[in-house]
Amino acid sequence: MNPVHERFLRYVKIDTASDHHSNTTPSTKKQFELAKLLEQEMRAMGLQNVSLDENGYLMATLPGNTPKAPVIGLIAHMDTSPDFTATGVNPRIINNYDGGDILLNQEQTIIMSPKDFPELLKYTGQDLITTDGTTLLGADDKAGIAEILSAVEFFMANPEIPRGDLKIGFTPDEEVGRGADHFEVEKFAADFAYTLDGGELGELEYENFNAASATVKFHGRNIHPGNAKDKMVNSQHLAMTFNAMLPAAERPEHTTGYEGFFHLNEMKGDVELAELHYIIRDHDLEKFEARKRLMTEAAGYMNQRHGAGTVELLLKDSYFNMKEKILPVMEIVEEVKGAMEAVGVKPLIKAIRGGTDGSRLSYMGLPTPNIFTGGHNYHGRFEYIPMASMDKAVEVIVETVRRFAEKAV
Ligand SMILES: [Zn+2]
């Protein structure tokens, strides 16, 4: 079997689910099981400076053969999403997919059908790796790990191919939004990097949302409802008035592409105190700032009308669009695009409607666009990955590294 598939099938069997509710780093101890296995494998391969730190960050270096070439980082995350169980992953190989329904699990009659997932039909005639219907697969992001290590192996077996130093970084806790928290950018010492953490064949991403959260508290005054005339202030009605001042069409359920939104993700309250929690998202920085201003003005207006301190607004930035940090070094996207075309992959460049570890790393001084791994339907039982897409991801890494080295000579 092709080494990238063999690696992948081994890694997915190790449960590395992260945990939103944990305060430790990594959020789950079991992530160390994969980290330690990878550490051993990387030492056995002969990589240099292999280090696994106490936070679960694994780093290593493959020295280059072209001194002037840039130092390129390759990053993937070891954890899988806590949204679906990763215990007892039992991957299945569907050879020569016939374009019909796939019976993932006979006992429980779990079927993956192109009626629900029409993209499956793109892979008719190909070999797929699926779940057995009872767990997620973990292609997100163990496919990225397998692809990076297979590319490294390929370079070691073909030392005549020009390359700069390669830095490998495997992180914990990406799925709980903390993958960049303890990433030592200086120790990693790459000029730029790529996360191998995208979806289908050809995906290439260097734009993501600007993101903030808003907590809005409304203070009311409770009086017996029988004697409430001109005395009661119901904080829940204040909250509804505030929400009504936000544009109703600019919600996640009505927006797509580059359209931003306000998302009310939690509300609670009684007459005395009501609380609304929003997230605010926009790719465009000016529009993002305007969204925060609109909330501030709405709160100010209500305080003027109902008395100072009636509404408390707490805005907090979460992450920013990496585009600002990538545009000055756009060649790091262009070379991947060129590499994809050279190995017969059609680039699918799109803006992420979310964030990545790469967006955080880009603001920490390491510009980091995102490349496909080939997987589909992440975070659930219908996750699958076409084996040929994994091969192409390895080729794209190799070709990208080679192009940068050739340009440097
Ligand atoms: Zn991922």
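Residues numbered from 1 in each chain as written. Predicted model: local features only at pLDDT ≥ 70, side-chain atom pairs only at ≥ 80, totals over all residues. Heavy atoms only, no water.

Looking at empty space enclosed by the protein
Any empty space left between the atoms is revealed when a probe the size of a water molecule rolls over them. Counted under the stated rule, the structure contains two cavities of 30 Å³ or more. If you trace the largest cavity, you find it lined by Ile75, Ala76, His77, Asp141, Thr171, Glu174, Thr195, Asp197 and Asp357. Among the secondary structure elements, those contributing two or more residues to the lining of the largest cavity are β3 (72-77) and β9 (192-198). Along the lines of polarity and charge, the residues of the lining of the largest cavity split into two nonpolar, three polar and four charged. By volume, the second largest cavity is sized at about 30 Å³. Every residue along the wall of the second largest cavity is listed here: Leu74, Tyr194, Val336, Ile371, Val396, Ile397, Thr400 and Val401. The dominant element in the lining of the second largest cavity, judged by the number of residues it contributes, is helix α10 (residues 387-408), at four residues. Considering only residue class, the lining of the second largest cavity consists of seven nonpolar, one polar and no charged. (1 Å grid on protein atoms, 1.4 Å probe; cavity = no way out; pocket = protein on both sides within 12 Å on 5 of 7 lines; lining within 4 Å. Points joined across faces, edges and corners; volume = space filled by probe spheres on them. Helix = DSSP H or I, 4+ residues; strand = E, 2+ residues; numbered from the N terminus. Nonpolar A, V, L, I, M, F, W, Y, C, P; charged D, E, K, R; others polar.)

A look at the sheet that holds β9
A sheet is described by the order of its strands in space; here eight strands give the open sequence β1-β2-β8-β3-β9-β16-β10-β15, paired in mixed fashion. For this open sheet the edge positions go to β1 (48-52) and β15 (348-349), each flanked by a neighbour on one side alone. Both β9 and strand β16 (residues 370-372) contribute to a ladder of three bridges, which runs parallel. Within β16, the position partnered with Leu196 by the bridge is Ile371. Taken strand by strand, helix α3 (residues 139-157) contacts β2 (58-62), β3, β8 (166-171), β9 and β16, and its axis lies near 145° from that of β3. (Pairing = 2+ DSSP bridges. Contact = heavy atoms within 4.5 Å. Axes fitted to C-alpha atoms, helices over the stretch in contact; angles between N-to-C directions.)

Examining helix α6 (residues 285-306)
Between its terminal C-alpha atoms α6 stretches 32 Å, which fits the 32 Å expected from 22 residues at 1.5 Å a residue. Here α6 has its buried residues at Phe288, Arg291, Lys292, Met295, Ala298, Ala299, Met302 and Asn303. Angular distribution of buried residues about the axis of α6 spans 135°; they occupy a single face of the element. In this structure, α6 carries Glu286, Lys287, Glu297, Gln304 and Arg305 as exposed residues pointing more than 90 degrees from its buried face. Packed against the buried residues of α6 are β11 (210-219), α5 (235-244), β12 (261-269), β13 (273-282) and β14 (311-319). Between the side-chain oxygen at the start of α6 and the backbone nitrogen of Glu286 there is a gap of 2.9 Å, and the oxygen is on Asp284. At the exit of α6 stands Gly307, carrying a positive phi of roughly 105°. (Expected span 1.5 Å × (residues − 1). Buried < 20%, exposed > 50% of the residue type's maximum accessible area, 1.4 Å probe, protein only. Arc of directions from axis to C-beta. Polar contact = N/O pair within 3.5 Å; in protein donor to acceptor, adjacent residues only side chain to side chain.)

Concerning the pairing of strand β5 (residues 102-105)
Of the strand pairs in this sheet, β5 and strand β6 (residues 110-112) are connected by three bridges, and their pairing is antiparallel. Paired with Leu103 across the strands is Ile111, a residue of β6. Linking β5 to β6, which pair antiparallel, is a turn of four residues; within it Thr109 sits at a positive phi near 45°.

As for the sheet that holds β13
Spatial strand order, β12-β13-β11-β14: four strands in an open sheet with antiparallel pairing. Two strands close off the open sheet at either side, each with one partner strand: β12 and β14. Neighbouring strand axes in the sheet, compared pairwise and without regard to direction, differ in orientation by 15° on average. Pairing geometry for β12 and β13, over eight bridges, is antiparallel. Within β13, the residue paired with Gly269 across the bridge is Ala274. Packing of α5 onto the sheet brings it into contact with β11, β12 and β13, and relative to β13 it is tilted by some 15°. Each of β11, β12, β13 and β14 touches α6; the most contacted strand, β14, lies at about 165° to it.

Some thoughts on the side chain of Asp173
You can see Asp173 is positioned in the loop between β8 and α4 (185-188). Given the relative accessible area of 1%, Asp173 is considered buried. At a separation of 2.8 Å, a polar atom in the side chain of Asp173 contacts the side chain of Gln31. Residue contacts for Asp173: discarding those within four places in its chain leaves Ser18, Thr24, Thr25, Pro26, Ser27, Gln31, Asp79, Arg178 and Gly179.

Here's the deal with the coordination of the zinc ion
Distances from the zinc ion to its protein donors, His77 (NE2), Asp140 (OD), Asp197 (OD) and Asp197 (OD), fall within 1.9 to 2.7 Å. Coordination at the zinc ion is irregular, judged from the four donor atoms that bind it and the angles of 52 to 147° they form at the metal. Every donor residue of the zinc ion comes from the same chain, spaced as H-x62-D-x56-D. With a gap of 63 residues between them, His77 in strand β3 and Asp140 in helix α3 connect regions that are remote in the sequence. Here the two residues His77 and Asp140 agree in accessibility, since each one is buried. (Donors = N, O, S within 2.8 Å, 3.2 Å for Na, K, Ca; no water. Tetrahedral: all angles 85-135°; square planar, octahedral: opposite > 155°, others 65-115°.)

Some thoughts on the nonpolar core
Residues Phe8, Leu38, Met42, Ile168, Phe170 and Tyr194 are the most contacted members of the largest nonpolar core, which totals 63 residues. If near-sequence neighbours (up to four positions away) are discounted, Tyr194 is found in contact with Ile72, Gly73, Leu74, Ile75, Ile332, Val336, Thr368, Pro369, Ile371, Thr400 and Phe404. Counting residues in each nonpolar core, the second largest holds 19 residues, with Ala212, Phe262, Met295 and Ala298 among its members. (Core = buried A, V, L, I, M, F, W, Y, C linked by side-chain atoms within 4.5 Å.)

Examining unusual backbone geometry
In this model, Thr25 is joined to Pro26 through a cis peptide bond whose omega is -10°. Looking at the secondary structure, you find Pro26 in the loop between α1 (3-11) and α2 (31-45). Looking along the chain, the bond that leaves Asp140 and enters Asp141 is cis, with omega of 15°. At Asn49, a residue that is not glycine, the phi angle is positive and equals roughly 50°. Secondary-structure assignment places Asn49 in strand β1. Under the relative-accessibility criterion, Asn49 is labelled exposed at 56%. A positive phi is found at Asn377, a non-glycine position, where the angle reads about 55°. Tracing the backbone shows Asn377 in the loop between β16 and β17 (384-386). The class of Asn377 is partly exposed, set by a relative accessible area of 23%.

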